[in-house]
Structures are given as structure tokens and as C-alpha cells.
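Next come the chains, spelled out residue by residue.
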Amino acid sequence: MLIHLSELFNCEGRKKVYTVETALDSVDFDGETFQIEKAEPFELELTAKTRHKYTMSGHATLTVGGHCARCLEPVSFDCELDFGREFEVQDGQEESLDDEPFMKGYNLDVDQLVCNELLLSLPMKVLCREDCKGICNRCGTNLNLRTCTCDTRSLDPRMSVIQEIFNEFKEV
Ligand SMILES: [Zn+2]
Ligand SMILES: [Zn+2]
């Protein structure tokens, strides 16, 4: 969805509230594709401060689907987006500025704006629950569901060093 700023152009101090929605269905972040499972229409308020400077404010909640970083099970979580910011529009600017990829000329691209904010709001690590036990890196068992009999102690290099010292000591 595009908002054309012509209604606000050359009207300093003028304010307009747009009800917008996004058609964005996924974003790629840190090697994973996050699905946008639910996105309700939301309000975006745009104010012309000067001929070239605008402010926007608005808030949206998206339901996003990803995978738990430890056990790889699907997880849905809510992401709060805050669109409060200032931005500039240049005359005859067809190329987007790096920090305003959502502005193309006088058109504000809502999908691009949502994508931008979502990438900033995604958690560094998605977990299905705080104390997720993850999967056994030997047999792949989901340790939240059952336990396995793998000896995972030897996977810790610090432990194997201690074990070696211990064995040498026994041999003497
Ligand atoms: Zn998990
Ligand atoms: Zn195992």
C-alpha cells in the first residue's frame, strides 16, 4: 500500500490520519524467514512540519511466526511496532535514502515501512519458552518432550580434559 503525500505537501502544520494495512507476508532476518501470521489495519498519523520535513506516529501489533532457536519448534509471538519518527522528502528524489527505504519520491510505501520496523523489533533469539531444554545434539531428541540416554558430557571439551587428567592419574 502506498500513501501519496500530495495532500500534505505545501501545507505546513497539516496533519492527516491514514488507516493502513500491510500486505507483507514475511521478512528474512538472520538466516530465517519469519512469517507474518496476523496484521490488523492500523492508524498512521502524518504531519507536515515544513515543506520537506514530516513526522509520523502510529503503532501496530503483528503476530509473527518463527522457530525456537533451541528446539526448532514453530513459535508464534507478538511484535510491537512503533512508527514514531521524522523523515524528509526531497524534490525530485526517485531513489530512496538508506535510512528511509520506505519513501519513494512522495510515496510512502507502507509494506516497506512495516518491514523496516519489524527488522528492528525482532528479538535476537526466539525461544518457545524461557527454559526450553533444546534438542540433544547427538540423537536429535526434543528434550522438552523426553529425555535420551546419550552421554553428552564428553561434548564439553572442558570435561574431557578433566577426564583425561583423571585417567592418567589412575594409570600411574
Ligand atoms: Zn524451544
Ligand atoms: Zn540424545
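Residues numbered from 1 in each chain as written. Chains lettered and ligands numbered in written order. Predicted model: local features only at pLDDT ≥ 70, side-chain atom pairs only at ≥ 80, totals over all residues. Heavy atoms only, no water.

Peer 1: What is the right way to read the pattern of salt bridges from this model?
Peer 2: Two side chains with opposite charge may pair up if their charged atoms get near one another. Taken as a whole and judged by the stated rule, the model has five salt bridges. With a shortest N-O distance of 3.5 Å, Lys53 and Glu88 are connected by a salt bridge. Taken together, the residues Lys53 in strand β6 (residues 53-67) and Glu88 in strand β8 (residues 85-88) connect sequence positions 35 residues apart. Judged by its relative accessible area of 31%, Lys53 is partly exposed. Using a relative accessible area of 31% as the deciding quantity, one classes Glu88 as partly exposed. We note a salt bridge from Asp131 to Arg129, for which the minimum N-O separation is 3.0 Å. Given a relative accessible area of 51%, Asp131 falls into the exposed group. The partly exposed category is assigned to Arg129, whose relative accessible area is 36%. (Salt bridge = Lys/Arg side-chain N within 4 Å of Asp/Glu carboxyl O. Helix = DSSP H or I, 4+ residues; strand = E, 2+ residues; numbered from the N terminus. Buried < 20%, exposed > 50% of the residue type's maximum accessible area, 1.4 Å probe, protein only.)

Peer 1: Help me understand the pairing of strand β3 (residues 26-29) in this model?
Peer 2: Along a regular strand, successive side chains alternate from one face of the sheet to the other. In the sheet, β3 pairs with strand β4 (residues 32-39) via four bridges, with the strands oriented antiparallel. Of the residues in β4, the one forming a bridge with Asp28 is Thr33. Between β3 and β4, which follow one another and run antiparallel, lie two residues, and Asp30 among them has a positive phi close to 55°. (Pairing = 2+ DSSP bridges.)

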